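# Residue-level structural notes
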6 protein chains.
Amino acid sequence: MSVREAIWGEKAKAIEESLEEVDEDLFRYIRDFAYEEVLARPGLDLKTRELLAITALIALGSPKELATHLEGALRVGAKEEEVREAIIQSALFLGFPRALAAMKLFHKVLRSRGSSDPGEG
Amino acid sequence: MSVREAIWGEKAKAIEESLEEVDEDLFRYIRDFAYEEVLARPGLDLKTRELLAITALIALGSPKELATHLEGALRVGAKEEEVREAIIQSALFLGFPRALAAMKLFHKVLRSRGSSDPGEG
Amino acid sequence: MSVREAIWGEKAKAIEESLEEVDEDLFRYIRDFAYEEVLARPGLDLKTRELLAITALIALGSPKELATHLEGALRVGAKEEEVREAIIQSALFLGFPRALAAMKLFHKVLRSRGSSDPGEG
Amino acid sequence: MSVREAIWGEKAKAIEESLEEVDEDLFRYIRDFAYEEVLARPGLDLKTRELLAITALIALGSPKELATHLEGALRVGAKEEEVREAIIQSALFLGFPRALAAMKLFHKVLRSRGSSDPGEG
Amino acid sequence: MSVREAIWGEKAKAIEESLEEVDEDLFRYIRDFAYEEVLARPGLDLKTRELLAITALIALGSPKELATHLEGALRVGAKEEEVREAIIQSALFLGFPRALAAMKLFHKVLRSRGSSDPGEG
Amino acid sequence: MSVREAIWGEKAKAIEESLEEVDEDLFRYIRDFAYEEVLARPGLDLKTRELLAITALIALGSPKELATHLEGALRVGAKEEEVREAIIQSALFLGFPRALAAMKLFHKVLRSRGSSDPGEG
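Residues numbered from 1 in each chain as written. Chains lettered and ligands numbered in written order. Predicted model: local features only at pLDDT ≥ 70, side-chain atom pairs only at ≥ 80, totals over all residues. Heavy atoms only, no water.

The name recorded for chain A in an unreviewed UniProt entry is Carboxymuconolactone decarboxylase family protein, from Thermus composti.

## Quick word on the relation of the copies chain A and chain B
Note the cut-off: Least-squares superposition of the copies uses the C-alpha atoms of those residues scoring a pLDDT of at least 70 in each of them. Only heavy atoms matter for contacts: two residues are in contact if any of them lie within 4.5 Å across the pair.
For the pair chain A and chain B, the best superposition has an RMSD of 0.0 Å and corresponds to a rotation of 180 degrees with a translation of 0.0 Å parallel to the axis. Interpreted geometrically, this transformation is the action of a two-fold axis. Ranked by how close their C-alpha atoms come to the rotation axis, the residues of chain A are headed by A:Leu52, at 2.8 Å. In this assembly the copies share their binding face: 100% of the residues contributing to the interface of chain A also contribute to that of chain B.

## Topic: the interface of chain E and chain C
Keep this limit in mind: Accessible area, probed at 1.4 Å, shrinks when two parts are joined; the buried area is that loss added up over both. The term salt bridge refers to a pairing of a side-chain nitrogen on Lys or Arg with a carboxyl oxygen on Asp or Glu at a separation within 4 Å.
On the side of chain C, 29 residues touch chain E, which itself brings 29 residues to the contact. Summed over both partners, the interface of chain E with chain C buries about 2600 Å², with 73% contributed by carbon and sulfur atoms. Among the residues chain E hides against chain C, the three largest losses belong to E:Leu52, E:Gln89 and E:Phe93. Together they make up 24% of the total. Between chain E and chain C we count four salt bridges in total. A salt bridge links E:Arg41 to C:Glu85, with the nearest nitrogen and oxygen atoms 2.8 Å apart.

## Section: the side chain of B:Thr55
Where we set the bar: Under the scheme used here, helices are H or I runs from DSSP no shorter than 4 residues and strands are E runs no shorter than 2 residues, and both carry numbers assigned from the N terminus.
Here B:Thr55 is to be found in helix α4 (residues 46-60). When residues no more than four places from it in sequence are discounted, the contact partners of B:Thr55 are A:Leu52, A:Thr55, A:Ala56 and B:Leu94.

## Focus on helix α6 (residues 80-94) of chain D
The line we're drawing: A helix is expected to span 1.5 Å multiplied by its residue count minus one. For each residue, the accessible area found with a 1.4 Å probe, counting protein chains only, is set against the maximum for its type, and the residue is called buried under 20%, exposed over 50%, and partly exposed in between.
Between its first and last C-alpha, α6(D) extends 21 Å over 15 residues, near the 21 Å set by a 1.5 Å rise per residue. Burial analysis of α6(D) places 13 of its 15 residues in the buried class, which makes it a mostly covered element.

## Things to note about the UniProt feature "domain: Carboxymuconolactone decarboxylase-like" (unreviewed entry) in chain A
Selection criterion: UniProt positions are given in the numbering used here, feature names are shortened, and annotations may be inferred rather than shown by experiment.
In the numbering adopted here, UniProt assigns the feature "domain: Carboxymuconolactone decarboxylase-like" (unreviewed entry) to residues 25-106 of chain A. Within the segment residues 25-106 of chain A, helix and strand shares are 84% and 0% respectively, and the terminal C-alpha atoms sit 30 Å apart.

## Looking at the relation of the copies chain E and chain C
Each of the two copies of the chain can be brought onto the other by a rotation about an axis and a shift along it. Placing chain E over chain C gives an RMSD of 0.0 Å and needs a rotation angle of 180 degrees, together with 0.0 Å of translation along the axis. Comparing contact sets, 100% of the residues at the interface of chain E also lie at the interface in chain C, consistent with an isologous, same-surface contact.

## Describing the pattern of salt bridges
Pairing of side chains with opposite charge becomes possible as their charged atoms draw close. Under the definition given, this model contains 84 salt bridges over all chains. Between D:Glu85 and F:Arg49 there is a salt bridge whose closest N-O contact spans 2.7 Å. Pair noted here: D:Glu85 is in helix α6 and F:Arg49 is in helix α4 (residues 46-60), and the two residues belong to different chains.

## Considering the interface of chain A and chain B
Here is the rule we go by: Pairing of N or O atoms within 3.5 Å defines a polar contact, subject to two protein rules: one partner must be a possible hydrogen donor and the other a possible acceptor, and residues neighboring in sequence count only if both atoms are side-chain atoms.
Opposite the 29 residues of chain A that make contact, chain B presents 29 residues. Summed over both sides, the interface of chain A with chain B buries roughly 2600 Å², with 73% coming from carbon and sulfur. Applying the counting rule to chain A against chain B returns four salt bridges. Remark: the boundary between chain A and chain B carries six residue pairs in polar contact (both at pLDDT 80 or more). Elements supplying a minimum of two residues to the side of chain A that touches chain B: α3 (24-39), α4 (46-60) and α6 (80-94) of chain A. Of the residues forming the side of chain A that touches chain B, the biggest block, 10 residues, is contributed by α4(A).

## Overview of the confidence of the model for chain A
As a reminder, the rule being used: On a scale of 0 to 100, pLDDT captures the predictor's confidence in every residue.
For chain A, per-residue confidence averages 94 on the pLDDT scale, and 93% of positions sit at 70 or higher. A low-confidence stretch, residues 116-121 of chain A stays under pLDDT 50, and its non-local contacts, those more than four residues away or across chains, total 23 contacts.

## Here's the deal with the packing of helix α4 (residues 46-60) of chain D against helix α6 (residues 80-94) of chain F
Short version of the rule: Interaxial angle, 0 to 180 degrees, is taken between N-to-C directions of lines fitted to C-alpha atoms, where a helix line uses only the stretch in contact. Each angle receives one of four descriptions, namely roughly parallel if under 35 degrees, roughly antiparallel if over 145, roughly perpendicular if within 65 to 115, and oblique otherwise. By convention the crossing between two helices is left-handed if the near helix lies anticlockwise of the far one by an angle smaller than a right angle, and right-handed if it lies clockwise. When residue character is reported, Ala, Val, Leu, Ile, Met, Phe, Trp, Tyr, Cys and Pro are called nonpolar, Asp, Glu, Lys and Arg charged, and the others, Gly included, polar.
Contact geometry for α4(D) and α6(F): axes closest at 10 Å, N-to-C directions at 45 degrees. As summarised for this structure, α4(D) and α6(F) are arranged oblique, according to the angle between their axes. For the pair α4(D) and α6(F), the sense of crossing is right-handed. On α6(F), the residues touching D:Arg49, D:Leu52, D:Ala53, D:Ala56, D:Leu57 and D:Leu60 of α4(D) are F:Glu85, F:Ala86, F:Gln89, F:Phe93 and F:Leu94. When grouped by side-chain class, the residues that make up the contact of α4(D) with α6(F) number eight nonpolar, one polar and two charged.

## A few points about the packing of aromatic side chains
Going by this rule: In this analysis, rings of Phe, Tyr and Trp, with Trp reduced to its six-membered ring, are considered paired at centre separations within 6.5 Å, and the interplanar angle assigns stacked below 30 degrees, edge-to-face beyond 60, and tilted for intermediate values.
Across all of its chains, the model carries 27 aromatic pairs over all chains by this definition. Each ring, one from B:Phe33 and one from E:Phe96, has its centre 6.5 Å from the other, and the planes form 45 degrees; the classification is tilted. Of the two residues, B:Phe33 sits in helix α3 (residues 24-39) while E:Phe96 sits in helix α7 (residues 96-112), which places them in two different chains. One aromatic cluster is present, formed by A:Tyr29, A:Phe33, B:Phe96, D:Phe96, F:Tyr29 and F:Phe33 through successive ring pairs.

Structure (structure tokens):
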């Protein structure tokens with residue numbers, strides 16, 4: 001299974017088609033370099049990598065991309081509690097407003113799991 | 001053992017005295033809230049927490065505080081390879097300049113381990 | 001009166017219930033540490049604290065949390081002119097795009113005062 | 001032709017009226033200092049200036065202002081390919097999430113050109 | 001007295017000469033637009049403006065410019081306690097690492113007052 | 001000539017050896033992906049790419065990496081005036097403190113050209 005399939009799950013095909021439509025070259029870099037080269041590296045399990053991605057995206061304040069990796073973390077085996085802890089801890093380093101916005105988004109992701117789509121990419 | 005002792009190791013006493021001299025109240029919040037309340041929470045092991053701290057500090061671009069947690073990650077059991085992976089992955093989310101600056105700092109931390117002091121706080 | 005009641009005003013109960021539903025522990029830290037411990041400190045009046053909060057939130061680019069404190073500043077006694085000056089000044093340090101986005105949001109907050117709800121948290 | 005007319009095109013009048021309603025003084029600074037003093041300086045052509053503006057706005061993560069300058073870049077003569085290259089390159093320095101969000105926005109701008117309005121100011 | 005003289009105090013002449021040598025046009029914008037037009041506006045006293053500047057510079061993580069305004073705040077009448085409170089509060093919004101770095105810098109500014117020069121511009 | 005040789009000039013060998021010592025994999029990504037794949041793309045000339053890199057690095061506030069690309073911009077044909085304009089313009093989007101810090105660094109780069117080394121990587 002590719003890293004993309006592990007993280008994007010059943011949405012993989014839809015996300016890929018959508019990214020490819022937006023820009024073929026950027027999509028190719030995201031697929032071949034970001035996901036299948038760097039995130040696929042050994043030395044750190046995918047669950048830890050997704051928690052790190054969540055922290056980086058809280059720092060950036062990018063809600064759509066954060067939603068993708070909040071879902072991705074759960075798909076690759078992170079427990080809800082672990083994601084909550086990563087978000088709560090981010091308040092110490094990145095401030096409460098960023099942590100709170102991330103937790104609200106996670107709340108939304110949890111409610112929509114199995115039904116609709118809170119984000120992509 | 002307190003979380004501070006686990007992360008700061010043999011430097012704990014020196015760091016505490018230095019922080020207390022800088023500002024007693026801010027030191028108290030860092031000690032009692034940041035370290036012994038939030039970082040001490042169950043649900044995520046201290047090694048993962050330190051890798052998340054590293055990612056957040058790469059995002060902030062704060063070299064002194066980053067050095068503290070690069071050392072702290074090693075002290076609480078992260079392998080050198082795991083820290084390297086966390087830094088390399090940060091390039092995807094936060095850009096190569098931030099990842100490269102962090103890796104140079106980690107290189108410096110590794111060389112100075114057991115001898116001098118590349119950072120604090 | 002608690003600091004939360006002073007800043008959140010008539011929305012305090014709704015905001016608290018909403019935050020508590022999102023995450024009980026993060027809500028508790030926001031309530032007991034952020035609002036009733038740190039923002040409640042003497043040495044700086046609440047109006048100045050809210051203007052500082054506005055500047056920090058312009059820097060973060062967090063519109064929902066910014067809306068809360070734009071309203072909060074007015075509730076604790078800041079004049080409309082003072083809030084405008086804090087926003088205009090932020091252009092010097094944080095750039096015109098951030099200042100302009102904040103001013104548009106303040107314009108929206110002013111129009112909706114007494115009627116609807118442009119933000120929370 | 002003023003720099004504003006060159007960048008804002010047929011939307012110039014609507015944008016100016018909207019900004020003036022939001023805050024007269026901030027509008028005046030944006031018009032007289034940002035656009036007609038700094039962006040109007042010789043030494044760098046307006047196309048390059050708009051590509052630089054796009055990079056700065058990707059860094060800030062400000063979608064509305066970014067949309068304005070994605071459109072502006074095309075208006076002052078940047079080719080679609082040049083804008084795509086500026087966005088792709090930003091992934092190296094600012095990370096893939098920011099670059100991807102910008103490319104999605106540019107995709108939207110391209111589709112709406114000549115019909116509706118994806119942003120202002 | 002100009003706003004520059006109020007904020008830069010006895011260093012005004014040295015700072016101006018240094019800035020002018022770096023770039024005449026940028027210096028002119030900083031002097032005529034940033035200091036004598038925007039910071040000189042009525043509606044907010046200079047002490048509050050300097051506390052807002054400190055918050056913005058903590059967000060940016062710019063130590064030299066932050067040192068200038070930590071000193072400037074004291075020069076225009078802020079009490080040491082007020083500056084400390086502005087820094088402590090910033091931990092809530094911008095995270096503890098940024099607040100701690102700022103407090104260490106303020107500690108250094110306080111020790112060097114009347115003797116040496118911890119920053120400029 | 002590789003993109004690295006064009007941008008790094010006579011320092012290319014020293015920079016490569018230094019990066020390789022810091023981390024072989026991260027160096028390889030910077031060399032093969034960042035420089036020779038993305039920056040080497042057609043569609044935008046190297047001079048414009050370096051001005052965009054400068055803007056991104058002003059946004060990040062990364063002085064060492066910024067120094068590399070301030071020098072790089074001059075090496076690939078940017079005139080001193082063009083670099084100054086890119087820096088001055090950044091004040092509008094990223095604030096005066098960031099622009100001023102960048103201009104001071106450029107001043108230093110200009111003075112040390114042909115003699116010593118203000119940065120790398």
